[in-house]
Amino acid sequence: MAEKPFVAVLMGSDSDLPVMESTLEVLKKLGIAYEVKITSAHRTPAATRDYVTDAEKRGCGTFICAAGLAAHLAGAVSAITVRPVIGVPMDAGPLQGMDALLSTVQMPGGIPTATVAIGKAGAKNAGYLAAQILGVGDPDLAERLRAERAENAEAIQKKDAEVQKQFAG
Ligand code: RP5
């Protein structure tokens, strides 16, 4: 049987890594294989192309790309591969990630890039979105996602019950 697809997590700089740890935590928790690669659309364009081409051949099922400032990494990767690409805009400068958000999300027709929220919340959701994409072909993974959502819902309902008690007249 062929190996399960892995997720490639790319980032423009090692300065993005502390935020992108949130993506890696989600992938780890869900038992998804991943690779991490520091590569930049602007600083190392040839290495980015080589890595993406090779990762696709080796069975990458989804790319997650984090970049800040004039963030072109996710778009550049989308231009190279037909695998799904998720962009995570980083808050790396004086515009607090709005620059990266718009650079990532405003792709021309035909070259889509799924774009999540700026920073840590987006990094976490990138992991979940990649899991949902791979879950289409992996019923066990889809089940793990369902189970986690059910656990989260239960935890919120428990909290609500405590709050109700606290404010009962
Ligand atoms: C982007 O520029 C990187 O993704 C990072 O978010 C930002 C700053 O990079 P460094 O100057 O910290 O390497 O390309």
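Keep in mind it's a predicted model, so treat the numbers as computed, not measured.

Q: Before we move on, could you go through the environment of Glu35 and cite the residues and values that matter?
A: Take Glu35: it is sitting in strand E2 (residues 34-38). Taking relative accessible area as the criterion, Glu35 reaches 23% and is therefore assigned partly exposed. Separated by 26 residues in the primary sequence, Glu35 and Val9 place their C-alpha atoms 6.0 Å from one another. At 2.6 Å, the side chain of Glu35 and the side chain of Tyr51 are in polar contact.

Q: Quick one: what's the story with the packing of helix H2 (residues 45-57) against helix H3 (residues 73-80), residue by residue and with numbers?
A: The N-to-C vectors of H2 and H3 enclose an angle of 50°; their axes lie 10 Å apart at closest approach. The angle between H2 and H3 places the two elements in the oblique class. Between H2 and H3 the crossing geometry is right-handed. Facing Thr48, Arg49, Val52 and Thr53 of H2, the residues of H3 in contact are Leu73, Val77 and Ile80. Tallied by class, residues from the contact of H2 with H3 come to 4 nonpolar, 2 polar and 1 charged.

Q: Mind laying out unusual backbone geometry, listing which residues take part and the relevant values?
A: In the Ramachandran plot, Leu69 falls in the positive-phi region, its phi being about 60° despite a non-glycine side chain. You will see that Gln96, though not glycine, has its phi angle at about 55°, which is positive. Considering the arrangement of structural elements, one finds Gln96 in the loop between strand E4 (85-90) and helix H4 (98-105). You can call Gln96 exposed: its relative accessible area is 58%.

Q: Which residues make up the domain arrangement of the protein chain, and what are the values?
A: Accessible area lost when the parts come together is the quantity often used to give the size of an interface. The domains assigned to the protein chain are domain 1 (6-137) and domain 2 (139-169). Of note, the centres of domain 1 and domain 2, computed from C-alpha atoms alone, are 29 Å apart. Listed per partner, the contact involves 10 residues of domain 1 and 7 residues of domain 2. Buried area between domain 1 and domain 2, both sides added, is near 700 Å², and the carbon and sulfur share of it is 59%. It is Leu30, Gln132 and Gly135 that lose the most area in domain 1 upon contact with domain 2, and together they represent 55% of the buried surface on that side. Where domain 1 touches domain 2, the interface holds 1 salt bridge. On inspection of domain 1 and its partner domain 2, the count reaches 3 residue pairs in polar contact (both at pLDDT 80 or more). Top contributing element to the side of domain 1 that touches domain 2 by residue count: helix H5 (residues 120-135), with 5 residues. Split by residue class, the side of domain 1 that touches domain 2 holds 5 nonpolar, 4 polar and 1 charged.

Q: Account for the sheet that holds strand E3 (residues 60-68), naming residues and giving values.
A: Taken together, the 5 strands give an open sheet; going across it, the order is E2-E1-E3-E4-E5, and neighbouring strands pair in parallel fashion. Strands with a single pairing partner mark the edges of an open sheet, and in this sheet they are E2 and strand E5 (114-115). For strand E1 (residues 6-11) and E2, the ladder comprises 5 bridges, and the chain directions are parallel. Across the sheet, the residue bridging to Val7 is Tyr34, located in E2. Running at roughly 175° to E1, helix H1 (residues 17-29) makes contact with E1, E2, E3 and E4 of the sheet.

Calculation criteria
Residues numbered from 1 in each chain as written. Predicted model: local features only at pLDDT ≥ 70, side-chain atom pairs only at ≥ 80, totals over all residues. Heavy atoms only, no water. Helix = DSSP H or I, 4+ residues; strand = E, 2+ residues; numbered from the N terminus. Buried < 20%, exposed > 50% of the residue type's maximum accessible area, 1.4 Å probe, protein only. Polar contact = N/O pair within 3.5 Å; in protein donor to acceptor, adjacent residues only side chain to side chain. Axes fitted to C-alpha atoms, helices over the stretch in contact; angles between N-to-C directions. Parallel < 35°, antiparallel > 145°, perpendicular 65-115°, else oblique. Left-handed = near helix turned anticlockwise from the far one by under 90°. Contact = heavy atoms within 4.5 Å. Nonpolar A, V, L, I, M, F, W, Y, C, P; charged D, E, K, R; others polar. Domains from an automatic or database assignment. Buried area = accessible area lost by both parts, 1.4 Å probe. Salt bridge = Lys/Arg side-chain N within 4 Å of Asp/Glu carboxyl O. Pairing = 2+ DSSP bridges.

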